[in-house]
Amino acid sequence: MTDARKYGQDFDLLEKQDPEIASILRAEVKRQQSDVQLIASENFTSRAVLAALGTVLSNKYAEGYPGKRYYGGCEVVDRAEIIAIERAKQLFGAEHANVQPHSGASANIAVYAAFTKPGDTVLAMSLPHGGHLTHGSKVNFSGKWFNIVSYGVRQDNELIDYDELRDQAIRTKPKMICSGATAYPSLIDFEKIRTICDEVGAIMWVDAAHFIGLVAGKAIPSPVPYADVVSFTTHKVLRGPRGGMILCKEEHAAGIDKAVFPGIKGGPIMSAVAGKAVALKECATPAYQNYAKQVISNAKSLASGLVEEGMRAVSGGTETHLALIDIRATGVNGKVADERCGAAGIVLNKNAIPFDPESPAVTSGIRVGSPATTTQGMGTAEMREIASLIVRAIREGDDASKAAAIKSDVHALTAQGDGHPDRHALTDLEAGDGLLGAGHHHLLTGDRGQLLDRGL
Ligand code: DSN
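Residues numbered from 1 in each chain as written. Predicted model: local features only at pLDDT ≥ 70, side-chain atom pairs only at ≥ 80, totals over all residues. Heavy atoms only, no water.

(A) Seen up close, the overall build of the chain. Each helix and strand counted, the chain has 19 helices and 15 strands in total. Taking 23 Å as the expected radius of gyration for a compact globule of 456 residues, we find that the chain reaches 22 Å, a close match to that expectation. Each of the three principal axes of the chain carries a C-alpha extent, and together these read 55 × 55 × 40 Å. Relative to its 456 residues, the chain shows a buried fraction of 57%. Considering only residue pairs separated by 6 or more positions, the chain has 71% of its internal contacts joining residues 24 or more positions apart. Averaging the locations of the 48 positively and 53 negatively charged side chains of the chain gives two centres separated by 2 Å. (Helix = DSSP H or I, 4+ residues; strand = E, 2+ residues; numbered from the N terminus. Rg over C-alpha atoms; globule rule 2.2 N^0.38 Å. Buried < 20%, exposed > 50% of the residue type's maximum accessible area, 1.4 Å probe, protein only. Contact = heavy atoms within 4.5 Å. Lys, Arg positive; Asp, Glu negative; His and termini not counted. Charge placed at Lys NZ, Arg CZ, Asp CG, Glu CD.)

Below, the structure written as structure tokens:
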């Protein structure tokens, strides 16, 4: 029997029936576990989340909402959606939750659909300063269908320029102001943005996709008390299945629900809805809260390690799960750095830095994140080691033999950890205290235990 913990439910059947796809799955497990995963928006879901995803819930059409469906036979899946909604409301202290969006982008389309009409003005963070495609990029529906006014960061400190944001809001009277980013390492002042929204009568929308997991783990302040609407993905720091979600004030609940269905999609993916419920339960545990705090400590350690190696951390470091690194001191651009790191088994992405002189396809920076390595049990010491491996790869990776030596050091590092998704939730469950249990360290023995103890 194959180890189902690694390969998922009924992997043996898949292998028998479709060896071609099964071999891809095996290769991807190997890649995820042996290389260092530093993409700031990626993580390892728990085995329980994966188990919920690979189920017969996938067979069910359930257009509509619990108790108000357009098909028969929804009484069982209704229960999964109700649980997911209640867990989301409780975890985030939200008045209303919609757990159906298929992704972050589709959650965002629903937000536009609920609060705006094509042609309306929306204020959002510019992509080159860390925003997102759906925040008004010209090649995205948002930039094509809406009058997007972009704000950015100050050149001197690379933090959001709230004065400029307020001036732009007063001048352009946006229907909605969006905050949230994909490459912004600092915290966002939601109270300040609420004040600006109130001043100009704009809807306050927070796209919390990147950091919602840190909010769930009580490691950073929440936008939920301030915002009219908060959209996010469930697969980043949050460690759930790939998907989206929306929280909002009760007064917007009907508008958001109508925008999601029938506004922008048909049937929800009920297996993903169940997976979201499982992840939300895990997020309510002390173990997950420890994880979220460790994610930030690890990102800080990685950023300081890179600074010590001669790089520059945009905005002076990080307060979240990611760091944006200006690598111009190496004489290597972001594109080449990304390729050299990839060849050395370090998976990260090139990223524009604010006021980047290079094109978006080249860039002067890299973005690194700690969600996945932290799930694997790595701590601040390992993150320092990773920083030095990154810089070696960037500086020396053009030499194939040096790249191979770095890769072997990378694999030695990942081999020390479990590489497995859910030791936090799992160890707590095994401790017999349910998901609220504590004291999981006794389950960890030998080298792996030592590694994990150093990490947490
Ligand atoms: N692709 C995500 C990221 O990497 O930040 C955003 O959608």
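Now that the structure has been shown, the text picks up again.
(B) Fine view of a nonpolar patch on the surface. Together, Y61, Y70 and Y71 make up a nonpolar patch on the protein surface, roughly 400 Å² of accessible area in all. Structurally, Y70 can be placed in the loop between β3 (68–69) and α5 (75–92). (Patch = residues over 30% accessible without salt bridge, like charges linked within 9 Å, V, L, I, M, F, W, Y side chains within 5 Å. Areas by Shrake-Rupley, 256 points an atom, 1.4 Å probe, with all protein chains shown as cover. Salt bridge = Lys/Arg side-chain N within 4 Å of Asp/Glu carboxyl O.)

(C) A look at the sheet that holds strand β5 (residues 121–125). The strand order across the open sheet built from 7 strands is β4-β10-β9-β8-β7-β5-β6, with neighbouring strands paired in mixed fashion. Lying at the two open borders of the sheet, with one neighbouring strand each, are β4 (96–98) and β6 (147–151). Taking each pair of neighbouring strands and ignoring which way they run, the sheet shows an average axis angle of 20°. Contacting β5, β6, β7 (176–179), β8 (203–207), β9 (229–233) and β10 (244–248), helix α6 (residues 104–115) runs over the sheet at an angle of about 160° to β9. This element, helix α8 (residues 162–172), spans β5, β6 and β7 of the sheet and lies at about 155° to β6. (Pairing = 2+ DSSP bridges. Axes fitted to C-alpha atoms, helices over the stretch in contact; angles between N-to-C directions.)

(D) Region of interest: the sheet that holds strand β14 (residues 349–351). The sheet built from 4 strands is open, its strands ordered β11-β12-β15-β14 with antiparallel pairing. Unpaired on one side and paired on the other, β11 (312–313) and β14 mark the two borders of the sheet. Along the sheet, helix α14 (residues 334–343) makes contact with β14 and β15 (365–369), crossing β14 at roughly 170°.

(E) Structural detail: the layout of surface pockets. Approximately 330 Å³ is the volume attributed to the second largest pocket. For the second largest pocket, the lining is made up of 16 residues, of which L127, P128, N351, A352 and P360 are closest to its centre. It is β14 that provides the largest number of residues to the lining of the second largest pocket, a total of 3 residues. Residues of the lining of the second largest pocket, tallied by class, amount to 5 nonpolar, 7 polar and 4 charged. (1 Å grid on protein atoms, 1.4 Å probe; cavity = no way out; pocket = protein on both sides within 12 Å on 5 of 7 lines; lining within 4 Å. Points joined across faces, edges and corners; volume = space filled by probe spheres on them. Nonpolar A, V, L, I, M, F, W, Y, C, P; charged D, E, K, R; others polar.)

(F) Geometry of the state of the cysteines. The final tally for this structure, using the stated rule, is 0 disulfides. Left without a disulfide partner, C178 is nearest to the cysteine sulfur of C197, which lies 10 Å away. C178 gets classed as buried once you look at its relative accessible area, which sits at 0%. (Disulfide = S-S within 2.5 Å.)

(G) Main features of the side chain of S364. When you line up the elements, S364 lands in the loop between β14 and β15. Overall, S364 belongs to the buried group, its relative accessible area being 3%. Residues contacting S364, with those up to four places away along its chain left out, are I325, D326, I327, R328, G334, N351, I353, D356, P357 and E358.

(H) View of the packing of aromatic side chains. A complete count under the given rule lists 10 aromatic pairs for this structure. Ring-pair connections join several aromatic residues into one group, and the members of that group are Y112, F141, W145, F146 and W205. Just above the ring of Y291 sits the side chain of R239; from NZ or CZ to the centre is 4.0 Å. (Phe/Tyr/Trp six-rings, centres within 6.5 Å; stacked < 30°, edge-to-face > 60°. Lys NZ or Arg CZ within 6 Å of the ring centre and 35° of its normal.)

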